[in-house]
Structures are given as C-alpha cells and as structure tokens.
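# Coordinate inspection notes
Below, each chain spelled out in residue letters.
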Amino acid sequence: MLVTDARVRAAYAEGAGIYRILPAAVALPENQDDVVALVRQARESQLALIPRGAGSGMPGGNVGNGVIVDLSTGFSDLVIDPQTRSARAGASVTWAEVNDAAKSYGLRLPPDPSSGAFATSGGMAATNAAGPRTVRYGSVRPWVVALEIVEADGAVRTVRRGMENGERFALSRDDRRLTANRFPKTRKSSSGYALDRFAESGDEVDLLVGSEGTLAIVTEVEWRLDPIPPAVAGAALGFADLESMAEAVPYLVSLTPSALELLDQSLLQFVPDAPKVASLLLVEFERETAAAARGVVGDAVRGLKHAVIHVETAVNRAGLEQLWSVRREASPALARLPPTQRSLQLIEDGCVPLDALGAYVAGLRTAADRRGIPVVIFGHAGDGHVHVNALPDMTRDGWREALRGLFDDVTDLLVRLGGVPSGEHGVGRLRAGILERFYGPEVMQLFRALKRAYDPLSIFNPGVIIPATDWSPMAALKVGAGAAAIPEDIATRLREVERSAAWATPKLELAH
Ligand SMILES: Cc1cc2nc3c(=O)[nH]c(=O)nc-3n(C[C@H](O)[C@H](O)[C@H](O)COP(=O)(O)OP(=O)(O)OC[C@H]3O[C@@H](n4cnc5c(N)ncnc54)[C@H](O)[C@@H]3O)c2cc1C
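Sequence order sets the numbering: in each chain, residues are counted from 1 along the sequence as written. The model is predicted, so local features are restricted to residues of pLDDT at least 70 and side-chain atom pairs to those at 80 or more, both for listing and for counting; the totals for chains, interfaces and linings are taken over all residues. Heavy atoms from the whole structure form the basis of all side-chain values; hydrogens and water molecules are not counted.

## Observations regarding the site of the ligand
What surrounds the ligand is a group of 34 residues, the closest being Pro51, Gly53, Ser56, Gly57 and Ala130. The accessible surface values rely on the Shrake-Rupley method and a 1.4 Å probe; as for residues, cover is taken only from the protein chains in view. When isolated, the ligand has an accessible area of 960 Å², and the protein chains bury 93% of it. For the shell around the ligand, the element with the highest residue contribution is helix H4 (residues 121–127), accounting for five residues. Looking at the shell around the ligand residue by residue, the classes come out as 16 nonpolar, 15 polar and three charged. Nearness of a residue to a molecule or strand requires only that one of the residue's heavy atoms be within 4 Å of it. Secondary structure counts use DSSP, requiring at least four H or I residues in a row for a helix and at least two E residues in a row for a strand, with both numbered from the N terminus. Throughout this entry, Asp, Glu, Lys and Arg are counted as charged residues, while Ala, Val, Leu, Ile, Met, Phe, Trp, Tyr, Cys and Pro are counted as nonpolar. The remaining residues, Gly among them, count as polar.

Following this line, the structure appears as structure tokens:
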C-alpha cells in the first residue's frame, strides 16, 4: 500500500510554495476503508501522515518527510441536492467541479479561490480557503455543513453543524475570555485553529475547518450552496497614491461589494497595457436587478470622484471579465521572469484590520527596499488581505539571508498592525514558528491541547500549525544550492507544473 519508489517520492516532494522535502513514502487510498487501514498502520508503526489534495497549498502543509496520503483521486463522488441547496463532495472533488454541477440548478459555492480549477474539497476545507468574493460571502468555513472524517484512532465520523458534537475538546469560560482578547480582529484568517469561531458556535466543524490535516483526514465535505445572483456590474478605479486608495477601501466596502481587489504598481508594471496608476482597485457588485447593480457602480464612482485618476465601468459579466483581464495578464508575465529570479511565497498571505491596509502596504514596500528584494503586491483589499510574492535574484550574494530578514520584518509589521500571518493559505510548516507572536503563549497552549485531544500520537501532519522543535522556515527550500536532490526530469516537470499552475496533474504522471 505504501509506494517507496524513488521517482514517485520525488514527484511528491514539492507543492506550491517554497519547499522541497522528500517523503518517506506515498499512499494512494482509493476509498475510506483504505484510509482507515492506513491510519491504523500509522498508529502501530509511528508513521507521520501528510494528507494531500492537489498540492496547491502554499505554506508547506502538503509536503513533509512522512507518508504523503494522496486524496486527489478516488474520492470523487458528487451529489447536488437542490432542495436543501447543498452538495456532498468527496475529498478529491474540486471547487470547479462543485460549481459546474451546481450551476444547472442556478446554485454556486460563493467563496471563489483563484485556484478553484484544481483545489480539492478536502484541501479547501483544510485550509479554510477563500477568494475575491470572500469580502461579501466569507471564507469557506461557514459554507461547510458537515465533514466526514477519519480520526487518529481509525474511527470514521460525520461532524455536522448544529449537532454541538465538540466533546473531544471544550473551552472553559476563561479560555473563551482569553480567545476573545487575544485573537487578532481581522476580517479573514487561516492562521491556526479557529478557537474564536468555535467559542461562538460550539460547532466542531469550526475547529476542523482550517486545521490543515493536523486533526483528522477529511474524506467528504458537505457544502452549503447559494443561488447565483442575477445581476452584476463593477468598475476599475485608479489612484495616484497609496493613501487615497486606502481611504477609498472602507467606503467601497460600505457599499457591499462582492469583490474588491487591489493591483499595486509593483504588479501593474508587469502588465504592458495596464493603466499608469499607483494602485488599481477592481470592484464588483452583485445585485438582484441590473438597475441596482448599475446604480451602486454609479454611487461608487460619484463617491470617489475627488480621489480617482482613472475610471472604467462594466455593466455586465462580459464587461467585468474584460476589466479583470489585467489581473489575469500579470501571472504569465511573472512566469516569464529570468531563471535567476524566482517568485517565492514566503510573506504571501498577511491580513490586517481594514484601517491598517495602507500602513501594511507602505510597510511592505519599505521592508522590501531595505532588504533589496523586489516584491509584487496584489489581492483582497476589501478584506485587508494582500498577497506578496518576493522576487529575489538568486545570483546575488546573501539572497537567502535577505529573504529571511524580509520574513522577520513582515512578521514584526503584521504583529504591530494587529494582523495575522495568513488570511487564506494557512500556517503550514512555514508559519508554525511565528504563530505564538500573534496569539501569545496561552493561546498556543490551547492549540497544543486541541491537537493532543484529536491526535495524541501526533500522526497527522506533525510540524504543521504546532511547530517542530527544530522549526526553520528557510530550511528545505526548492530553490538554490541546498535543494534536495531529485531526478532532473522530475524537477523540470515540477517547475513546469508551478509555472503553468497545472496542479491538477496527477503527480504519479510526473514520475513515469
Ligand atoms: C495559482 C494559485 C492560486 C491560489 N489561489 C488561492 C486563492 O485564491 N484562495 C485560497 O484560499 N488559496 C489559493 N491558493 C492556495 C491553494 O490552492 C488552497 O490552499 C487550496 O485550498 C489547497 O487545496 P489542495 O487540494 O491543493 O490542497 P493541498 O495543497 O494538497 O493541501 C493543503 C493543506 O490541506 C491539507 N489537506 C488536503 N487535503 C486534505 C484532506 N482530504 N483531509 C485533511 N487535510 C487535507 C494538507 O495536509 C495541507 O495542509 C492558490 C494556489 C495557487 C497555486
């Protein structure tokens, strides 16, 4: 059942993100019974299991030196129930597959990760994934109705909202107070166990969503679906400076947009026909009628006419697609960077309270300048959440130290601004060692107690969320001289998967 062939192990050594770690073996379960057997074997032999979907997660929760459990095929049942507006999706079913099937009933899963073409239901639930529409509809957490899980003792359980089946772990009144005080007040977070949400709901689902494969293996997700809104309109708004963009964001959020995305000049410079502005905001409004959607675009433009230097509007989906093409065009441009310069996701997912967005972007630019590392900044302005890709020149002496310095600077900045290190990608291995900076030692103790309650032998993804004793965020990089040796042809194909975002490629194909 465990594949230890060297080429197969190499094919699973990388996910998206910065790491290359050769697993001891790979398991390819075909059904729930296989997963149960694997968990029992892991208990007996003290194996670490690393659950994995498409491998598109960024912070290294999908790689490790234990056994990779590939759930990207084999769990592909999908049933839409239009009566209850829900979808039962096996762990392998992607966001796109759920939405394609739901569409014929006029339904959809509103949070829309850009990786929806390949992100699996198991992976999305495990990372509490999100997307542009999260500004209105939240991350995936509230859309998870139930999870079917295999637990660390091999038991199979369905955890359903409203059942208050949180008997494995409870918060005392003091713990609740601590949680309320210590959790940063951001609009989004995929940074550690969501004790704040659990304290409010009492729903075990809230603990399991975002647990990054550290508490249980998810074999099925029941999603709540929502009707597709009939009308949509939007605008692209350009600003001459950061301050006016940051001031515009709370105003636009007050108009209830369904997306509010930022393209910073650091990214716009890679798009030949992009407007010449310091910041571009792309805003989308979904409404019940076309008149209402157009009306709110008018409100947005009028309300900001003193602040904007560039305005384009769109009154329907096709027009919006056209406006948003500027965002899509940035990715291929970045993929054409010279081979000596890599786009690395190390500080890529910080999220701050909305009123700190301008200070965060300014602080990011200062830190990048100080460390001499170019960055591109873009993302979910309406949630105070921006992605930052670092583009170090790896022929430059000291790039590694500079990158580590940037990681530390941005951590300090996020702590100072009351932010979290991850808005949607998760903690993984990369950010496990900095969580305590954000939550303090007492909440970290609660995180450890929760992990022990679910997984006393630590067979599920050790080193993820709860840091390993030798945590080192820059160890095991996929780039540079110290990268683990894997066959050249597999390294080339993994690089191609990354460049073309072909994460849906079955990883076994890379080995053959
Ligand atoms: C180009 C690109 C764009 C992206 N855009 C977005 C975006 O817009 N929004 C966003 O949120 N993310 C985005 N991501 C990150 C990533 O796609 C998401 O985190 C996604 O939810 C991961 O799904 P996956 O199937 O690839 O999971 P993996 O990467 O395989 O795993 C991610 C984590 O989930 C755990 N896990 C996976 N499956 C299971 C399971 N069945 N049971 C228990 N644990 C499991 C793993 O152990 C790991 O910790 C993007 C990534 C890329 C490469």
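Resuming the write-up.
## A closer look at unusual backbone geometry
A positive phi angle is found at glutamine 46, which is not glycine, with a value near 55°. A positive phi angle is found at arginine 85, which is not glycine, with a value near 50°. Relative to the assigned elements, arginine 85 resides in the loop between strand E5 (78–81) and strand E6 (86–90).

## Here's the deal with the pattern of salt bridges
Basic side-chain nitrogens of Lys or Arg form a salt bridge, by our definition, when they fall within 4 Å of a carboxyl oxygen of Asp or Glu. This model, assessed by the stated rule, comprises 32 salt bridges. One salt bridge connects arginine 161 with aspartate 206, and the closest N-O pair in it is separated by 2.8 Å. Highlighted residues: arginine 161 in the loop between strand E9 (156–160) and helix H6 (173–182) and aspartate 206 in helix H8 (residues 204–208), separated in sequence by 45 residues. Arginine 161 gets classed as partly exposed once you look at its relative accessible area, which sits at 24%. Aspartate 206 gets classed as buried once you look at its relative accessible area, which sits at 5%. Residues glutamate 348 and arginine 431 are paired through a salt bridge, measuring 2.8 Å at the closest nitrogen-oxygen approach. Of this pair, glutamate 348 sits in the loop between helix H12 (317–335) and helix H13 (357–371) while arginine 431 sits in the loop between helix H14 (399–416) and helix H15 (435–454), placing them 83 residues apart in sequence. Burial classes: relative accessible area under 20% of the type maximum marks a residue as buried, over 50% as exposed, and values in between as partly exposed (1.4 Å probe, protein chains only). Taking relative accessible area as the criterion, arginine 431 reaches 1% and is therefore assigned buried.

## Structural notes on the packing of aromatic side chains
The rule is short: rings of Phe, Tyr and Trp, with Trp giving its six-membered ring, pair when the centres are within 6.5 Å, and they are stacked under 30 degrees, edge-to-face over 60, tilted in between. For the structure on display, the rule yields six aromatic pairs. Ring centres 5.3 Å apart and planes at 70° place the aromatic pair tyrosine 439 and phenylalanine 447 in the edge-to-face group. Both residues of the pair, tyrosine 439 and phenylalanine 447, count as buried. Members of the aromatic cluster, connected to one another through ring pairs, are Phe183, Tyr193, Tyr439 and Phe447. The side chain of arginine 168 reaches across the aromatic face of tyrosine 454, ending 5.7 Å from its centre. For a Lys NZ or an Arg CZ to count as sitting over a ring, it must be within 6 Å of the ring centre and within 35 degrees of the ring normal. Directly above the ring of tryptophan 143 sits arginine 224, whose terminal nitrogen or CZ lies 3.9 Å from the centroid.

## A short note on the sheet that holds strand E1 (residues 2–3)
Backbone hydrogen bonds hold the strands of a sheet together, and the pairing may be parallel or antiparallel. Strands are treated as partners if at least two bridges between them are detected by DSSP. The four strands lie next to each other as E1-E2-E4-E3, forming an open sheet whose pairing is mixed. Across the chains shown, the open sheet's two edge strands, defined by having one partner strand only, are E1 and strand E3 (49–52). Sheet topology places E3 next to strand E4 (residues 67–70); four bridges connect them, and they run parallel. Looking across to E4, one finds that isoleucine 50 is bridged to isoleucine 68.

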